[in-house]
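# What the coordinates show
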Amino acid sequence: MKPCSNPQYLHLSMLALMVHDWLILLDREVEHVWQSEWNISKVLFIISRYGPFLDMPITITTHTAPYGAIGYDTCNIIYKIATWNTFLGISISESILLLRTNAIYSRSKRVLIPLSTAYAVATVAGIIFTWRYLRATLCESFAGSNG
Ligand SMILES: *[C@@H]1O[C@H](CO)[C@@H](O)[C@H](O)[C@H]1NC(C)=O
């Protein structure tokens, strides 16, 4: 077994990095986020912070499963969910950047309106391209097995 060519090691190292990042920032998260009032910033932060903890085990399980262990239809469903989750994660991260930039510029409408417009255009384009991409792709490694 060659460590560099085995995706299990890559996935496990990403998981370790994610847990490490979560642990070293947890005290600040408890202080600044958990004790703050609920608003859109807090909701986006929590989705962005904890979404990967739902996502990562699914990705690791499917990417490291033995060949043929996951059926073609299941693979396609998981692939679609994972792809939309990735899109959602990117979109939420961008919206957090938008909120931060807006805060830096003292919530100026001259900054907020163009940024929100760009965000809306990018999000709609992203939805269209993700949808088209998923229509054009299949789980290749299972294509010959039963589908
Ligand atoms: C949400 O609440 C936090 C802490 O109270 C605050 O710093 C932040 O500006 C708020 N976000 C929005 C979008 O109002």
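Look up a bit, the structure's there.
Residues numbered from 1 in each chain as written. Predicted model: local features only at pLDDT ≥ 70, side-chain atom pairs only at ≥ 80, totals over all residues.

### Section: the overall build of the protein chain
A count of helical and extended segments in the protein chain gives 4 helices and 0 strands. Traced from its N-terminal end to its C-terminal end, the protein chain shows the element sequence α-α-α-α. Out of the 147 residues in the protein chain, the part that is buried amounts to 2%. (Helix = DSSP H or I, 4+ residues; strand = E, 2+ residues; numbered from the N terminus. Buried ≥ 20, exposed ≤ 12 C-beta atoms within 10 Å, placed from the backbone.)

### A word on the site of the ligand
The environment of the ligand is formed by Ser 36, Glu 37, Asn 39, Ile 40, Ser 41, Lys 42, Leu 99 and Ala 103. Elements represented by at least two residues in the shell around the ligand include exactly helix H2 (40-64) and helix H3 (72-104). Take the shell around the ligand: its biggest share by element is 3 residues, from H2. Tallied by class, residues from the shell around the ligand come to 3 nonpolar, 3 polar and 2 charged. (Near = placed C-beta within 6 Å. Nonpolar A, V, L, I, M, F, W, Y, C, P; charged D, E, K, R; others polar.)

### Remarks on the packing of H2 against H3
Look at H2 against H3: their axes get within 10 Å of each other, and the N-to-C directions meet at 155°. Classified by the angle between their axes, H2 and H3 sit roughly antiparallel to one another. For H2 against H3, the interelement crossing comes out left-handed. Of H3, the residues touching H2 (which contributes Ser 41, Leu 44, Phe 45, Ile 47, Ser 48, Gly 51, Asp 55, Ile 58, Thr 59 and Thr 62) are Ile 78, Ala 82, Asn 85, Gly 89, Ile 92, Ser 93, Ser 95, Ile 96 and Leu 99. Considering only residue class, the contact of H2 with H3 consists of 9 nonpolar, 9 polar and 1 charged. (Axes fitted to C-alpha atoms, helices over the stretch in contact; angles between N-to-C directions. Parallel < 35°, antiparallel > 145°, perpendicular 65-115°, else oblique. Left-handed = near helix turned anticlockwise from the far one by under 90°. Contact = placed C-beta atoms within 7 Å.)

### Regarding unusual backbone geometry
Positive phi outside glycine occurs at Ser 106, with the angle close to 50°. Along the chain, Ser 106 turns up in the loop between H3 and helix H4 (109-136). In this structure Ser 106 comes out as exposed when scored by C-beta crowding, with 7 C-beta atoms within 10 Å.

### So, the packing of H3 against H4
Close contact between H3 and H4 brings their axes to 11 Å; oriented N to C, the two are set at 175°. Between H3 and H4, the interaxial angle falls into the category roughly antiparallel. Counting all contacts with H3, which are made through Lys 80, Thr 83, Trp 84, Phe 87, Ser 91, Glu 94, Ser 95, Leu 98, Thr 101 and Asn 102, the residues of H4 involved are Val 111, Leu 112, Leu 115, Ser 116, Tyr 119, Thr 123, Gly 126, Thr 130 and Leu 134. Residue classes in the contact of H3 with H4 are distributed as 8 nonpolar, 9 polar and 2 charged.

### Looking at H3
Taking 1.5 Å per residue, 33 residues should reach 48 Å; H3 reaches 48 Å between its end C-alpha atoms and fits that length. Ser 106 lies just past H3 and shows a positive phi near 50°. (Expected span 1.5 Å × (residues − 1).)

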